[in-house]
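The lines below spell out each chain.
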Amino acid sequence: MSVRVRYAPSPTGLQHIGGVRTALFNYFFARSQGGAFILRVEDTDRERYNDQALQDLYDTFEWLGIEWDEGPNKDGGYGPYVQSERFDLYTRYAEQLVESGHGYYCFCSSERLDALREQQKQEKQGQGYDRHCRNLTNDQREEYLRQGIKPVVRFKVPLEGTTVFEDILLGEMKKKNKDIPADPVLLKSDGFPTYHLANVVDDHLMAITHIMRAQEWIPSGPLHILLYEAFGWEPPQYCHLPMVMGKDGQKLSKRHGATSVIEFRRQGYLPEAVINYISLLGWSYDDKREFFTKDELEELFVLEKLNKAPAVFDYKKLEWFNGQYIREKKDEELIELLLPYLQKENIVGTTPTNEEMAKLREMMPLMKERLHFLPDIVPLSRFLFQEIEGYEADELIPKKLDAAKTIEILQADRELMAKFELVGEERTEELLRQKAEELEVKLGAMLMPVRVAITGSRTSPPLFGSIRLLGIDKTLERIDRAITLLQSEDS
RNA sequence: GUCUCCUUCGUCUAGUGGUUAGGACACCGGGUUUUCAUCCCGGCAACGGGGGUUCGACUCCCCCAGGAGAUGCCA
């Protein structure tokens, strides 16, 4: 039987890094096995349902380049793939369970349930439903119905015995039935199913062969097995994935930094880097390789290399991966990625001029290795396109020197730079070195004032390259301005 | 409270009875260099604790501790 796996998010929030890792592992597993990857939207919580979340799901998948074999807008004969469109199905199966004696109607109000929970907490007792409606008589049931109370359907968890299932990663998972949360709700009073019912029904109907989900689902594993048994269905194979944690060892959340994929996208991460990095959370290939393209992972992914322990998300390492992938980009491609950030800051126009594009192309080799994130391009390149913001006169002055000496340096620089285009970079450097010796300063001190004068900052791309890009006229102009600034400060 | 899972450098991990316990990120030093970055070289740093099993345990078993997760008409 060929592999069929699914990713089944609920559109209640933005796609989270942890969820996406689960999606990726399912996707890679399907691909590596020549199986099918199915996307199923679990929108049974109408309270928290959110249209944007659904759009975000699609956007995220598109950005990462993950395509589902079956799912919304792509029927594979097992649809629909959106649970709200399967509404009737769940009612039918819930009723089936009631009829076969595996489920029952419960009329307890949420007030009663809340009070119950509160009391249990006070008395430090184990929590859970007290099975109040489990053995209602027909009369009682009809009385409740007459009062117009909408019942829920609960699952009749066996009071005794043990439920066992095999987890591919974790091995045998065993749980006493008495430790399974008492009689969970299967069908809510609004007629929608809960996760437990919907997921079992759909996984069965969609012929899912393997369930790969985060370890936070382990506790409900036995319940699902019981459900399969109650229906007389064969359960799929399980594989519970290690969780993704924040720096403090807690479940990854907002306070650890970006957690939704769209945030990473906005902050200028590349999808290649994100995919590569998160694939290495809880999974590894061997001890010498950690760079993988999506295509490679589709081929190399194996369950055997999965790790059991939770993994801490390390932003620093992702940053490093991102820098690596940026450097691997072809110039043209990188420019396209950079453009939106440049445009947002009005560094280049909405439709860049040929001149701007030419400058962009020319500056790429200088910028590329300095980028960790796409938006890093902004502070790095601004001086080439716009007049520089004011800088302090002090910044012009190299360490251990004074304003007078700096003026002297700048004047010498100006003279030599003026011939820059004529004599070329190498010759200019030679001349500058000679001059530096004459003035008894280091080459660095000779150049720092110019750097600040033309870029407005002590850190910048290589100086000669910057001058070439800026043009000699602007360069001289900015040097002059720096000299004037120092003179006025000095007097 | 109850149940469950997990445990190798700070972090991600390799390792499947005999290794100087390997790599990567981070960090620290050094080199290249006109600043920054890149790049190169080097360094720091781990088998949670206690019992077994064994000639021999990071590797197998048990206990403890610690961490995490679940305990909803959320998924």
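Residues numbered from 1 in each chain as written. Chains lettered and ligands numbered in written order. Predicted model: local features only at pLDDT ≥ 70, side-chain atom pairs only at ≥ 80, totals over all residues. Heavy atoms only, no water.

### Topic: the environment of L64
Here is step 1: Among the secondary structure elements, L64 is positioned in helix α2 (residues 51-64).
Here is step 2: Of the residues examined, L64 reaches a relative accessible area of 4% and is grouped as buried.
Here is step 3: When the C-alpha positions of L64 and L270 are compared, they lie 9.0 Å apart, and in sequence the two are 206 residues distant.
Here is step 4: Those residues in contact with L64 that lie beyond four places of it in its chain are V20, P271, V274, I275 and K294. (Helix = DSSP H or I, 4+ residues; strand = E, 2+ residues; numbered from the N terminus. Buried < 20%, exposed > 50% of the residue type's maximum accessible area, 1.4 Å probe, protein only. Contact = heavy atoms within 4.5 Å.)

### Some thoughts on the pairing of strand β1 (residues 4-7)
Here is step 1: Taking every second residue as pointing to the same face, both faces of β1 are buried, with R4 and R6 on one and V5 and Y7 on the other.
Here is step 2: The sheet contact formed by β1 and strand β2 (residues 36-39) spans 4 bridges and is parallel. Bridge assignment links R6 to a residue of β2, and that residue is I38.
Here is step 3: A crossover links β1 with its parallel partner β2, the connecting element being helix α1 (residues 17-32), and its sense is right-handed. (Pairing = 2+ DSSP bridges. Right-handed = clockwise from strand over helix to strand, strands pointing away.)

### Notes on the domain arrangement of chain A
Here is step 1: Entries for chain A in the domain assignment read domain 1 (4-71 + 245-312), domain 2 (83-241), domain 3 (330-378) and domain 4 (393-490).
Here is step 2: Averaged C-alpha coordinates put domain 2 and domain 3 at centres separated by 55 Å. (Domains from an automatic or database assignment.)

### Observations concerning unusual backbone geometry
Here is step 1: Residues G79 and P80 are joined by a peptide bond in cis, for which omega reads -5°.
Here is step 2: Within the element layout of this structure, P80 appears in the loop between α2 and α3 (87-99).
Here is step 3: If you check the backbone angles, K400 has positive phi at about 70° while not being a glycine.

### Let's talk about the protein's contact with RNA strand B
Here is step 1: Close to RNA strand B lie 68 residues, the nearest being Q250, G282, E369, R370 and R451.
Here is step 2: For RNA strand B, the fraction of protein-proximal atoms (within 4 Å) that sit in sugar or phosphate groups is 74%.
Here is step 3: In this structure, a sugar or linking oxygen belonging to RNA strand B sits 2.9 Å away from a side-chain N or O atom of R48.
Here is step 4: R458 is positioned with one of its backbone polar atoms (N or O) 3.1 Å from a sugar or linking oxygen of RNA strand B.
Here is step 5: Residue assignment for the surface near RNA strand B shows that the elements contributing at least two residues are β4 (152-155), β6 (171-176), β11 (311-312), α11 (315-328), α17 (420-439), α18 (443-455) and α19 (463-470).
Here is step 6: When residues of the surface near RNA strand B are assigned to their parent elements, the largest contribution, 5 residues, is made by α11.
Here is step 7: Each residue belonging to the surface near RNA strand B can be placed in one class, and the counts come to 26 nonpolar, 17 polar and 25 charged. (Near = heavy atom within 4 Å. Polar contact = N/O pair within 3.5 Å; in protein donor to acceptor, adjacent residues only side chain to side chain. Nonpolar A, V, L, I, M, F, W, Y, C, P; charged D, E, K, R; others polar.)

### Some remarks on helix α9 (residues 271-279)
Here is step 1: Summarising burial for α9: 8 of the 9 residues are buried, a large majority.
Here is step 2: Those residues of α9 that fall on the buried side of the exposure criterion are P271, A273, V274, I275, N276, Y277, I278 and S279.
Here is step 3: Taken together, the buried residues of α9 touch α1, α2, α8 (261-266), α10 (294-300), β11 and α11.

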